[in-house]
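Topology and contacts: notes
Residue-level listing of the chains:
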Amino acid sequence: MTETTHRGCPVAHTDFTGTAPLYEHYKMLDNDREQARFLFNDTTDRGFFMLQRYDDVRDGFQQHDTWTTAVRSALRPNTASDPLLPQDLNGQEHVKLRRILNQFFAPAAVRRMEPMAQQRCIELIEELKPAGSCDFVAEFAIRYPTDMFLALLGLPVSDGEQFLEWSDEYFSALLAGDPAGATTAKASIMNYFDEAVNERRANPRDPKEDMVTRLVQARIDDVPLTQDEILTICLTLMLAGLDTTRSALGFIYTHLAQHDADRQAIIDDPTLIPKAVEEFLRLYPLVFQAGREVQEPQEFNGVELEKGDVVWLGIAQANRDPRKFDNPDEFDVNRPNVNQHIAFGGGPHRCLGMHLARLELKIVLEEWHKRIPEYRITPGTELRERGVQLSMAALPLEWEV
Ligand code: HEM
């Protein structure tokens, strides 16, 4: 495409899919946001209209009557990727399935997991502590949410190591664009879920407490969920919950290792941690965009959209928009409007697991700093991030023992 504007929007060519030095994507995102209110990015075959400023992104999440998740990521608009539930549903179908799932992710349900989540977190930290160093991403930041995921499904945490091997293989194959590798790893995971679901069919537990039993017994308009749908829900929770939490922890610990005053503040006053978690989510959003596909021609804040257009909802650009947040590049635990960040999206598809994610991050910050208050990034480390959905391949940390 050689045009300089597309339906009135300046055309941008920024590629958000590569690997880059840490924080580079935020620079590119901030830069695009300040160029124009709306851009048309032509780096994918369908291109996408970029909503970048806080008010526009927030409004965009509310256009769910006509913008659907037929495209989930503006950067991967055509991937015939695995079906996901509830993401792929829209309208009333989506509402009905969310109603079934929400009860396990509501604040009260998540609070019930707290003692177990805390105990598991302490065990993992105690295991790592004597070594005086670790790759925080590989040895902790993925291990902990994996165990929490199994616990959420009512599966034994002792399967964590095996499960992690499969999910690692799966994520790596997906990232490397290796469909054969992804299919093999996925088959092991689906087989594991299949056995777990069959076990609950044979031995149901209390559906108020046990998510798999509830899914097995649930009816939507009098029709039970199929085995395939239940397995897809399990896979979706894995895909949506593990990598995101791992990446959030990676970015948070990079920050804390490099900002002694911020680290000291939460050590001195751990009651600041819930607010610090929100500010970290605002400052380092890893799901930096969500995609939508326009289903009917419409005008959106001056842009003429047509059926089939792809829209980019710029989550990170909104969270770092100086029109909304003063000094947006700074970590400020006392920021008055921090709770208005949109790291978990908005509208009906807002993150199902957000309360669980918050709980996990809070517990890790509390328990880690009680045991390992001083740590640093291993000198000489070159920190890098992967695009599409931000993640760090490694974060080597060391501390005195
Ligand atoms: C820091 C961690 C996390 C972040 C930043 C995050 C972010 C997001 C965002 C931005 C969306 C909305 C996507 C869209 O509108 O298209 C979303 C959706 C979702 N998230 Fe999360 N997430 C996190 C953790 C989790 C966890 C722990 C789980 C579950 C175990 C989870 C499950 C989901 C599901 C199922 C959806 C789809 C909801 C729907 O379509 O109705 N997420 N997440």
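Below is a short write-up of the structure. Being a predicted model, the structure only gives us computed values, none of them experimental.

Turning our eyes to something else, we now look at the site of the ligand. In the vicinity of the ligand there are 25 residues, among which H94, R98, R292, H349 and C351 approach most closely. For the ligand, an oxygen atom lies 2.7 Å from a polar atom in the side chain of H94. R292 is positioned such that a nitrogen or oxygen atom in its side chain is 2.8 Å from an oxygen atom of the ligand. For the shell around the ligand, the elements supplying multiple residues, two or more each, are helix 3 (91-105), helix 11 (227-258) and strand 10 (290-294). The element best represented in the shell around the ligand is helix 11, accounting for six residues. The class makeup of the residues in the shell around the ligand is 15 nonpolar, eight polar and two charged.

What follows is about the side chain of T236. As for its position among the elements, T236 is in helix 11. A polar side-chain atom of T236 sits 3.0 Å from the main-chain amide nitrogen of L85. Residues in contact with T236, not counting those within four places in the same chain, are P83, L84, L85 and Q87.

Here the focus is the coordination of the iron atom of the ligand. Six octahedrally arranged donors around a metal ideally form angles of 90 or 180 degrees; four tetrahedrally arranged donors ideally form angles of 109.5 degrees. Among all protein atoms, only C351 (SG) binds the iron atom of the ligand, sitting 2.3 Å from it. Positionally, C351 belongs in the loop between helix 14 (315-319) and helix 15 (354-371).

Strand order in this open sheet of seven strands is 1-2-4-5-13-10-6, and the pairing throughout is mixed. In this open sheet, the two strands that pair with only one neighbour each are strand 1 (5-6) and strand 6 (67-68). Summarising the sheet, strand 2 (residues 9-12) and strand 4 (residues 38-41) pair through two bridges and their orientation is parallel. The residue bridging V11 from the neighbouring strand is F40, located in strand 4.

A word on the pairing of strand 10. Counting buried positions along strand 10 gives five out of five residues, so the element sits mostly inside the fold. Residues of strand 10 alternate between two faces, with A290, R292 and V294 on one and G291 and E293 on the opposite face, all of them buried. As paired strands, strand 6 and strand 10 are joined by two bridges and run antiparallel to one another. The partner of W67 across the bridge, within strand 10, is V294. Here four bridges tie strand 10 to strand 13 (residues 310-313), and the two strands are oriented antiparallel to one another. Opposite R292, over in strand 13, you have V311 as the bridge partner.

The rules behind the values
Residues numbered from 1 in each chain as written. Predicted model: local features only at pLDDT ≥ 70, side-chain atom pairs only at ≥ 80, totals over all residues. Heavy atoms only, no water. Near = heavy atom within 4 Å. Polar contact = N/O pair within 3.5 Å; in protein donor to acceptor, adjacent residues only side chain to side chain. Helix = DSSP H or I, 4+ residues; strand = E, 2+ residues; numbered from the N terminus. Nonpolar A, V, L, I, M, F, W, Y, C, P; charged D, E, K, R; others polar. Contact = heavy atoms within 4.5 Å. Donors = N, O, S within 2.8 Å, 3.2 Å for Na, K, Ca; no water. Pairing = 2+ DSSP bridges. Buried < 20%, exposed > 50% of the residue type's maximum accessible area, 1.4 Å probe, protein only.

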